[in-house]
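Here's the letter readout for the chains.
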Amino acid sequence: AIRARVAAEMPALAKTPTPDQQEAGDVLLTLRDAAYQMGSAPFAYLTMRLVDLGLQTGHIGALAAGLSGLAIVVVDRHEAYAEADRYAQAALRLADEIPDHQRLRIDLFHGALISHWSHPVQVALNALERSLQQGLLAGDNVCIGLALSFLVRTRVMSGEPIDAIL
């Protein structure tokens, strides 16, 4: 049952990952975008590995990314929007504790794929703008491109005139 409902809604992490565990988590984080592009099964698999690693070792970046991904997975598989929102909000809280180069993907996923389920469009736009700014600072061209693409799409879908966007 989704890792005992993510270890009973994640009590405070008192663990510190070893250098090897930190490196393993960082490697898994680099695979997240590719797993999403490969489809729901690889993404779900990697998401659960991130959640497991985060819970077992205290790797906050892995847990935050895992929870963000888990929000997508539970909607995709079970249409469990309330549960998904809990995971997404927990991911955002954890994201406050991680470096911006890891947080930018959480903001990107939240703005592009999650927030529109139950929040006003401005929530998505704010998350995408944060992701864009973090991507620019980090020189992360993939994140920059995706954030810009979703910023334009979100603004168009919200009814904003194209002339005002471009």
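Refer to the structure presented above.
Structural notes, computed from the coordinates.

Rules used in this analysis
Residues numbered from 1 in each chain as written. Predicted model: local features only at pLDDT ≥ 70, side-chain atom pairs only at ≥ 80, totals over all residues. Heavy atoms only, no water. Helix = DSSP H or I, 4+ residues; strand = E, 2+ residues; numbered from the N terminus. Rg over C-alpha atoms; globule rule 2.2 N^0.38 Å. Buried < 20%, exposed > 50% of the residue type's maximum accessible area, 1.4 Å probe, protein only. Contact = heavy atoms within 4.5 Å. Areas by Shrake-Rupley, 256 points an atom, 1.4 Å probe, with all protein chains shown as cover. Lys, Arg positive; Asp, Glu negative; His and termini not counted. Charge placed at Lys NZ, Arg CZ, Asp CG, Glu CD. Polar contact = N/O pair within 3.5 Å; in protein donor to acceptor, adjacent residues only side chain to side chain. Salt bridge = Lys/Arg side-chain N within 4 Å of Asp/Glu carboxyl O. Phe/Tyr/Trp six-rings, centres within 6.5 Å; stacked < 30°, edge-to-face > 60°.

1. Digging into the overall build of the protein
Okay, step 1: The helix and strand inventory of the protein stands at 9 helices and 0 strands.
Okay, step 2: Shown N-terminal to C-terminal, the secondary structure of the protein runs as helices and strands in the order α-α-α-α-α-α-α-α-α.
Okay, step 3: Expected size for 166 residues packed as a compact globule is a radius of gyration near 15 Å; at 16 Å, the protein falls within 12% of this value.
Okay, step 4: Here the protein, with 166 residues, has 48% of them falling under the buried criterion.
Okay, step 5: Here the contacts in the protein between residues at least 6 apart in sequence split such that 60% fall between residues at least 24 apart.
Okay, step 6: Here the protein displays about 8,500 Å² of accessible surface, and carbon together with sulfur accounts for 59% of that area.
Okay, step 7: Taken together, the 13 basic and 18 acidic charged side chains of the protein have centroids lying 5 Å from each other.

2. What about the side chain of His59?
Okay, step 1: Along the chain, His59 falls in the loop between helix 3 (40-57) and helix 4 (60-78).
Okay, step 2: Polar side-chain contacts of His59 include one of 2.8 Å to the backbone nitrogen of Ala62.
Okay, step 3: What His59 contacts, discounting residues up to four positions off in sequence, is Pro17, Gln21, Gln22, Gly25, Asp26, Leu29, Leu53, Gly54 and Gln102.

3. Looking at the side chain of Arg32
Okay, step 1: Along the chain, Arg32 falls in helix 2 (residues 19-38).
Okay, step 2: Although Arg32 lies buried, it forms no salt bridge, and the closest oppositely charged side chain, Asp33, sits 5.7 Å away as judged by the N-O distance.
Okay, step 3: Engagement of the side chain of Arg32 in a polar contact is seen with the backbone oxygen of Ala65, the distance being 3.3 Å.

4. Looking at the pattern of salt bridges
Where side chains of opposite charge bring their charged atoms close, a pairing between them can arise.
Okay, step 1: Enumeration according to the criterion identifies 7 salt bridges in this entry.
Okay, step 2: Between Asp107 and Arg130 there is a salt bridge, with its nearest N and O atoms 3.3 Å apart. Here Asp107 is found in helix 6 (residues 100-114), whereas its partner Arg130 is found in helix 7 (residues 121-138), with 23 residues between them in sequence.
Okay, step 3: Judged by relative accessible area, which is 34%, Arg130 ranks as partly exposed.
Okay, step 4: Where salt bridges share partners, they join Asp96, Arg103, Asp107 and Arg130 into one cluster.

5. Examining the environment of His119
Okay, step 1: Structurally, His119 is set in the loop between helix 6 and helix 7.
Okay, step 2: Sequence separation between His119 and Asp85 is 34 residues; the distance between their C-alpha atoms is 9.6 Å.
Okay, step 3: A polar side-chain atom of His119 sits 3.5 Å from a polar atom in the side chain of Ser118.

6. A word on unusual backbone geometry
Okay, step 1: Phi angles above zero are rare outside glycine, and Glu79 is one such case at about 50°.
Okay, step 2: The topology assignment puts Glu79 in the loop between helix 4 and helix 5 (81-95).

7. Topic: the packing of aromatic side chains
Okay, step 1: Applying the stated criterion across every chain, the model contains 4 aromatic pairs.
Okay, step 2: Seen in terms of ring centroids, Tyr36 and Phe43 are 5.3 Å apart; in terms of plane orientation they differ by 85°. Their pairing is edge-to-face.
Okay, step 3: Among the residues examined, Tyr36 registers a relative accessible area of 30% and is labelled partly exposed.
Okay, step 4: Given the relative accessible area of 3%, Phe43 is considered buried.
Okay, step 5: Ring centres 5.9 Å apart and planes at 75° place the aromatic pair Tyr81 and Trp117 in the edge-to-face group. Taken together, the positions of Tyr81 in helix 5 and Trp117 in the loop between helix 6 and helix 7 put the pair 36 residues apart, joining distant regions of the chain.
Okay, step 6: Residue Tyr81 is classed as partly exposed on the basis of its relative accessible area of 42%.
Okay, step 7: Three or more aromatic residues joined by ring pairs form one cluster here, namely Tyr36, Phe43 and Phe109.

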